[in-house]
Amino acid sequence: MHLAEIKNKFRKLFTTFEALSDLGPALTAERDFAQTADELLRLLMDAIGARESALFRFCDKPAVLTSVASRGFLSFPSPAVIPLLPSHVHALTTARGPQLLAAESRRTLLSSNGNFPPDLIQLAAPLRVGQKLVGMLAFGQPDESHYGEEEVHGLAMFAHYVALAVQNSGLTESLSNRVAENLKLMASVHSFYDNALEAFAVAIDAKHINIRGHSIRVGRYAAFIGEAMGMGASEASALRASGYLHDIGKVAVDRRLFGKPSALNEAEFKEMADHTIVGSEIVSGVQFPWPQVGEVVRSHHERLDGSGYPDHLRGDELAKHVRIMGLADAFDAMTSERPYRQPLSIGEALTEVVKMSPTHFDPETVQALLVQVRRDAVASCSPKLSAAWIKSQPDKPKFLDDRVMCAIAPPDVDQLAAVLHHKTTRNRVYSN
Ligand SMILES: [Fe+2]
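Every chain is numbered independently, its residues counted from 1 as its sequence is written. Local features in this predicted model are restricted to residues whose pLDDT is 70 or higher, and side-chain atom pairs enter the listing and the counts only when it is 80 or higher, whereas totals over whole chains, interfaces and linings include all residues. Where side-chain values are given, they derive from all heavy atoms of the structure, hydrogens and water being excluded.

In the annotation of an unreviewed UniProt entry, the protein is listed under the name Metal dependent phosphohydrolase and assigned to Koribacter versatilis.

Shown next as structure tokens:
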């Protein structure tokens, strides 16, 4: 198999694992793990070229591997059980990645006291979450004469995901813990970082139709606003990533609250508002390449006048990236439909944020939002200009999401900019 082909297959697998990272309770509760495991084995066999495979779950009291699913073996007990000695558990826990088994290594890792002969296993991938053994993937006969190095390497990467899926299927830990584990894992698989974060954003918003696409849009708006404030590419990337994850705490909020057609009562509001605290707990143990993420997750509902939550920060206590996220988040909420109201038009939303500046929103940030909307407005009010503009900036996508109509003329944006300027300076002129 060519490398490109292998990559392609693993890419396909990754899509499956996105689903397995099961952020949404719907996925965890409603999916039968044996079925998932069967599908997983099918994809893995296809990817590494195996004819036989089995997935085992590990239980440590007593130490035993028990099969969850199998494919291709001529005769396979249901379930297959492989009891383990402490030396086997130690060897499986400390093995470096998947192991091609020869007679001796087979004896080191597995006992032959169960109802399934380890001799049938040619490639074994111990599954661990952190330092804890949670199971094992076993492969029998390969399609070709032997398993290649690339397949073993690819399997090593995805063994992490399978391990998480096995652990999650136990459903013994809280949802927040599982999300944190998944995030840590994603953070360790650098080549998939951007896709992985996007997958998280999509999964967070899968909670309810009303918030679908919200996190992706907030990440995008925040990055653009940052750019208009003169930030470089890496700061914009940090803003995009923070936007993708800003609402991660919402995985712990009851999904019914998102579709409630009336205002939330006090208890419901608290549960919703606590997504900031839950979210910051989730991300606190994850080493992101961007230190801002944790602060954004906790503080994106803080407002300059101290009226926000959860810590009622005010003024300079709100870092620049927190101010940007607060505005991007509110702007997207305003221009999105809610069960109790229609979306605001772009003009209404901008008028609103200008009105709420400088009490709630940072004027410099609002100004940057106006700059970006004006860019779209110029392009959309003149098709000729638009075509020329797109040609001149092929890599520069428009600012607003496709579902938001840029029904505002550039002079109206300028008018709002003038109002904002007046509000913040009160027409004061400084001179010496
Ligand atoms: Fe939020």
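### What to know about the overall build of the protein
A run of H or I in DSSP becomes a helix once it reaches four residues, and a run of E becomes a strand once it reaches two; helices and strands are each numbered from the N terminus. Looking only at helices and strands, one finds 18 helices and six strands in the protein. When a residue's accessible area, from a 1.4 Å probe over protein chains only, is under 20% of the maximum for its type it is buried; when over 50% it is exposed; and in between it is partly exposed. The buried share of the protein, taken over its 432 residues, is 50%. Contact criterion: two residues are considered in contact whenever any of their non-hydrogen atoms come within 4.5 Å of each other. For the protein, restricting intrachain contacts to residue pairs at least 6 apart in sequence, the fraction spanning at least 24 positions comes to 65%. Accessible area for the protein stands at about 20700 Å²; split by element, carbon and sulfur atoms hold 54% of it. Using the Shrake-Rupley algorithm and a 1.4 Å probe, accessible areas are obtained, with residue cover drawn only from the displayed protein chains.

### Some words on the coordination of the iron ion
Any nitrogen, oxygen or sulfur atom within 2.8 Å of a metal ion counts as a donor, with the limit raised to 3.2 Å for Na, K and Ca, and since water is left out, coordination shells can look unfinished. Distances from the iron ion to its protein donors, D247 (OD), H275 (NE2), H300 (NE2) and H301 (NE2), fall within 2.1 to 2.4 Å. For four-coordinate sites, all angles between 85 and 135 degrees define a tetrahedron; for four- and six-coordinate sites, opposite donors beyond 155 degrees with the remaining angles between 65 and 115 define square planar and octahedral shapes respectively, and all other cases count as irregular. Its four donor atoms give the iron ion angles of 85 to 177 degrees at the centre, a pattern that matches the irregular case. Assessed through its relative accessible area of 1%, H275 is described here as buried.

### Things to note about the pattern of salt bridges
Where side chains of opposite charge bring their charged atoms close, a pairing between them can arise. In what follows, salt bridge is the name for a side-chain nitrogen of Lys or Arg lying within 4 Å of a carboxyl oxygen of Asp or Glu. Taken as a whole and assessed by the stated rule, the structure comprises 13 salt bridges. Ionic pairing is found between D274 and K270, a salt bridge with its closest N-O pair at 2.8 Å. A salt bridge links D316 to R323; its shortest N-O distance comes to 3.8 Å. According to the relative accessible area criterion, D316 is exposed, its value standing at 77%. Since its relative accessible area comes to 18%, R323 is described here as buried.

### What about the pairing of strand β5 (residues 123-129)?
Within β5, six of the seven residues are buried, leaving the element largely enclosed by the surrounding structure. We treat two strands as partners when DSSP finds at least two bridges between them. Where strand β4 (residues 99-100) meets β5, two bridges bridge the pair, whose relative direction is antiparallel. By the bridge assignment for β5, Q99 is matched with A124. Relative to strand β6 (residues 132-139), β5 runs antiparallel, the two sharing seven bridges. In the sheet register, V129 faces β6, and the bridge partner there is K132. Between the end of β5 and the start of β6, which pair antiparallel, lie two residues, with G130 showing a positive phi angle near 65 degrees.

### Regarding the packing of helix α9 (residues 214-228) against helix α14 (residues 320-334)
Running from N to C, α9 and α14 cross one another at 130 degrees; their axes reach a closest spacing of 9 Å. Accordingly, the angle class assigned to the pair α9 and α14 is oblique. As for the relative orientation of α9 and α14, their crossing is right-handed in sense. Within the contact between the two elements, α9 uses H214, R217, V218, Y221, A222, I225 and G226 and α14 uses I324, M325, L327, A328, D329, F331 and D332. For the contact of α9 with α14, the class distribution of residues is nine nonpolar, two polar and three charged. Under this scheme, a helix contributes an axis fitted over its contacting stretch, all axes are lines through C-alpha atoms, and angles between N-to-C directions fall in the 0 to 180 degree range. Roughly parallel means an angle under 35 degrees; roughly antiparallel means over 145; roughly perpendicular covers 65 to 115; every other angle is labelled oblique. A clockwise turn of the near helix away from the far one marks a right-handed crossing, whereas an anticlockwise turn of less than a right angle marks a left-handed crossing. Amino acid classes used here: Ala, Val, Leu, Ile, Met, Phe, Trp, Tyr, Cys and Pro are nonpolar; Asp, Glu, Lys and Arg are charged; the rest, including Gly, are polar.

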